[in-house]
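# Close look at the chain arrangement
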Amino acid sequence: MNAHMMDVPLLISSLIKFADRYHGNTEIVTRTVEGPIHRYTYSEAHRRSKTLANALANLGVKKGDRIATLAWNTHRHLEIYYGVSGSGVICHTVNPRLFLEQIAYIINHAGDCCLFFDLTFSPIVEKLAPLLQHVNHYILMSDKSNLQKSNVPNLLCYEEILSQASTEFAWPDLDEKTDSSLCYTSGTTGNPKGVMYQHRTTILHSYAAAMPDALNLSARDVILPVVPMFHANAWGLPYAAALTGAKLVLPGAGMDGASLFELFEKEKVTLSAGVPTIWMGLVSHLKDKNLKFSTLKRTVIGGSAVPPAMTRSFEKDYNVEVIHAWGMTEMSPLGTVSSLKNKHLSLDREEQLAIKDKQGRAIFGVDLKIVDDNGVELPWDGKAFGELLVRGPWILNNYFRNEKNDSLRKDSDGLDWFPTGDVATIDPEGFMQITDRAKDVIKTGGEWISSIDLENTAVSHPDVIEAAVIAVYHPKWDERPLLIAVKKQGATVSKKELIEFFKDKVAKWWIPDDVVFVNELPHTATGKLQKNKLREEYANYKLPIS
Ligand code: AMP
């Protein structure tokens, strides 16, 4: 084969090297877990990432080993992203919101040899340590003054191991297909499954994420990822920020509306990203205190369906553009973004917003199709819905340590596709819309009802803050929708009024049969509605039969 072009591997270390060289004095600001604001630059982050790489070697960590983190979005976590992966070690970010047994399972399954954690998670680590089979070193991500606040035995201190290591380090010239980071996805059934990313897949995904029709990132941005660095690598933003040279603002443990708003304003944030539940907290803080953003231009919302009412509130009340994105941990995670095409610019505002309510069109690199129960591709007419399959260079091939190697499905052309478990439509312009998770669809008399559509309608009622719709048993129709809703404080809407509200908004046979009001709804560790829990709770619910 002729080699007329350079063979330069796509490596994670090249991102931080680039950011140091071309954006060296651009800031990275952290609200630390200990409290004060920490401020430094890409150059310093690069230097400390290299020092960490040396510190890891001093601890006996070798290429291919896995190290775990239980940590918020902070500068130290960022140094771990680069120092660990850059040196050929695998950075395994663990979701601290999972149950203790799940965390122990994940760390043991990954075979992690070190555990880096924030002070906040010290009580978890104290309980976790006796359950962990392979962890040799526990490292508190703080300075020495906080070491005595944790009772984890033989605890090492992050700042101390760094101070003892050399700052001189040459990033190894790895094969770009080397494993780089690991993230477990917690399915609603069975054990969590590991998704192992590679250097190459991470870089390609970062390029794609930065594109104008994706997250539209640049060196003029100040990015505050609210999405945690343990949720699908904060949707790739810590990498894409370095790739574009954007200023990065990391909120630490302060995820409440007031703390976030303060940081948005002080650091002049232009772009943020997070799941709808986080924005509910922030928007209600803004409403209560009658505040407006002064610099925020765009916010990426994904992880679960964005209620249309939320998009309208951001766009109309706060003049902030919503970037509705869909993806999965298995997809690094970005798959589609709902950005308009040139032909949509002449539409009126409501028509444009209706397009943005969809999960969007594929970004280059991701291919989508919807199929029926026999695997036959369905038309892109915006109406037919079926299981959504994806393929592409940053999409999972096989779950980590899955010996059955059965994560993909072959189509009749012999191509491998990853079945997402989502049910969707695709319109003639290629805009995909999720109607449900396959297991959340309500099957009534042989027809399907989208629980997401019903939830969106419910939260467009001024008295409803959050809603979940689940299928419950019906003797005639098999399943019928039950709406479980959280009312705004002091709101008086009745069951009957809420059911009436659905008339003319959805097909008659879609209207929920009954409503239950609750104080709060259960969420998963990544902020999604936990419908399996609701299904268990309401398994014997008796609908009013008319
Ligand atoms: P996770 O890997 O935990 O981020 O979960 C991925 C799943 O979240 C997807 O398969 C979807 O079911 C759901 N999801 C992510 N983004 C969206 C979105 N914009 N709208 C609806 N569901 C979404």
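As the structure is a prediction and not an experimental result, all values here were calculated from the model.

When helices and strands are tallied, the chain shows 16 helices and 26 strands. The C-alpha atoms of the chain give a radius of gyration of 24 Å, which matches the 24 Å a tight globule of 546 residues would have. Taking the principal axes of its C-alpha atoms as reference, the chain extends roughly 75 × 60 × 50 Å. A burial count over the chain gives 58% of its 546 residues as buried. The contacts in the chain between residues at least 6 apart in sequence include a share of 66% that link residues at least 24 apart. With an accessible surface of roughly 23,700 Å², the chain has 50% of that area assigned to carbon and sulfur atoms.

Moving on, we come to the sheet that holds strand β15 (residues 334-337). Strand order in the open sheet made by the 9 strands is β2-β1-β11-β10-β12-β13-β14-β15-β16, with mixed pairing throughout. Each of the sheet's edge strands pairs with one partner strand only, and the pair in question is β2 (37-41) and β16 (361-362). Relative to strand β14 (residues 321-327), strand β13 (residues 298-301) is paired through 4 bridges, and the arrangement is parallel. Within β14, the position partnered with Val300 by the bridge is Ile323. Across the sheet, helix α3 (residues 75-86) is in contact with β1 (27-31), β2 and β11 (247-250); its angle to β2 comes to roughly 40 degrees.

Turning our eyes to something else, we now look at helix α9 (residues 237-244). α9 sits mainly inside the fold: 8 of its 8 residues count as buried. Residues of α9 that are buried: Leu237, Pro238, Tyr239, Ala240, Ala241, Ala242, Leu243 and Thr244. Residue Gly245 follows α9 closely and has a positive phi angle near 80 degrees.

If you walk across this open sheet you meet the 7 strands as β7-β6-β5-β3-β4-β8-β9, and the pairing is mixed. Each edge of the open sheet carries a strand with a single partner, namely β7 (155-157) and β9 (193-198). If you compare each strand with its neighbour and ignore which way they point, the axes differ by 25 degrees on average. In this sheet, β7 lies alongside strand β6 (residues 137-140) in parallel orientation, the contact comprising 3 bridges. Each bridged residue has a counterpart across the sheet, and for Tyr138 the counterpart in β7 is Leu155. Packed on one face of the sheet, helix α7 (residues 199-210) meets β8 (179-185) and β9 and runs near 80 degrees to β9.

Every one of the 14 residues lining the ligand counts as a neighbour, but Ala325, Thr329, Gln359, Asp422 and Arg437 are closest to it. Within the side chain of His324, a nitrogen or oxygen atom sits 3.0 Å from a nitrogen atom of the ligand. Between the ligand and Asp422 there is a distance of 2.6 Å, counted from an oxygen atom to a side-chain nitrogen or oxygen. Alone, the ligand offers 490 Å² of accessible surface; in the complex the protein occludes 91% of this. Looking at the shell around the ligand, the element that brings in the most residues is β14, giving 4 residues. In terms of residue class, the shell around the ligand is built from 4 nonpolar, 7 polar and 3 charged.

What follows deals with the packing of aromatic side chains. Using the criterion set out here, one finds 16 aromatic pairs in the structure. Look at Phe18 and Tyr22: their rings are 5.1 Å apart centre to centre, the planes differ by 35 degrees, and that puts the pair in the tilted class. Note that Phe18 and Tyr22 are positioned in helix α1 (residues 12-23) at a spacing of 4 residues, about one turn of the helix. Given the relative accessible area of 32%, Phe18 is considered partly exposed.

Let us now look at the environment of Ile499. Locating Ile499 in the fold gives a position in helix α15 (residues 495-502). Residue class for Ile499 comes out partly exposed when judged on its relative accessible area of 22%. Not counting residues within four places of it along the chain, the set of residues in contact with Ile499 comprises Ile511, Pro512, Asp513, Asp514 and Val515.

For the structure shown, the criterion picks out 32 salt bridges. Across the salt bridge formed by Glu350 and Arg312, the nearest N and O atoms sit 3.4 Å from each other. Of this pair, Glu350 sits in helix α13 (residues 349-356) while Arg312 is found in helix α12 (residues 308-317), placing the two residues 38 residues apart along the sequence. Each of the salt bridges in this network shares a partner with another, and the network as a whole consists of Glu34, Arg48, Arg76, Glu79 and Glu159.

Parameters at a glance
- Residues numbered from 1 in each chain as written.
- Predicted model: local features only at pLDDT ≥ 70, side-chain atom pairs only at ≥ 80, totals over all residues.
- Heavy atoms only, no water.
- Helix = DSSP H or I, 4+ residues; strand = E, 2+ residues; numbered from the N terminus.
- Rg over C-alpha atoms; globule rule 2.2 N^0.38 Å.
- Buried < 20%, exposed > 50% of the residue type's maximum accessible area, 1.4 Å probe, protein only.
- Contact = heavy atoms within 4.5 Å.
- Areas by Shrake-Rupley, 256 points an atom, 1.4 Å probe, with all protein chains shown as cover.
- Pairing = 2+ DSSP bridges.
- Axes fitted to C-alpha atoms, helices over the stretch in contact; angles between N-to-C directions.
- Near = heavy atom within 4 Å.
- Polar contact = N/O pair within 3.5 Å; in protein donor to acceptor, adjacent residues only side chain to side chain.
- Nonpolar A, V, L, I, M, F, W, Y, C, P; charged D, E, K, R; others polar.
- Phe/Tyr/Trp six-rings, centres within 6.5 Å; stacked < 30°, edge-to-face > 60°.
- Salt bridge = Lys/Arg side-chain N within 4 Å of Asp/Glu carboxyl O.

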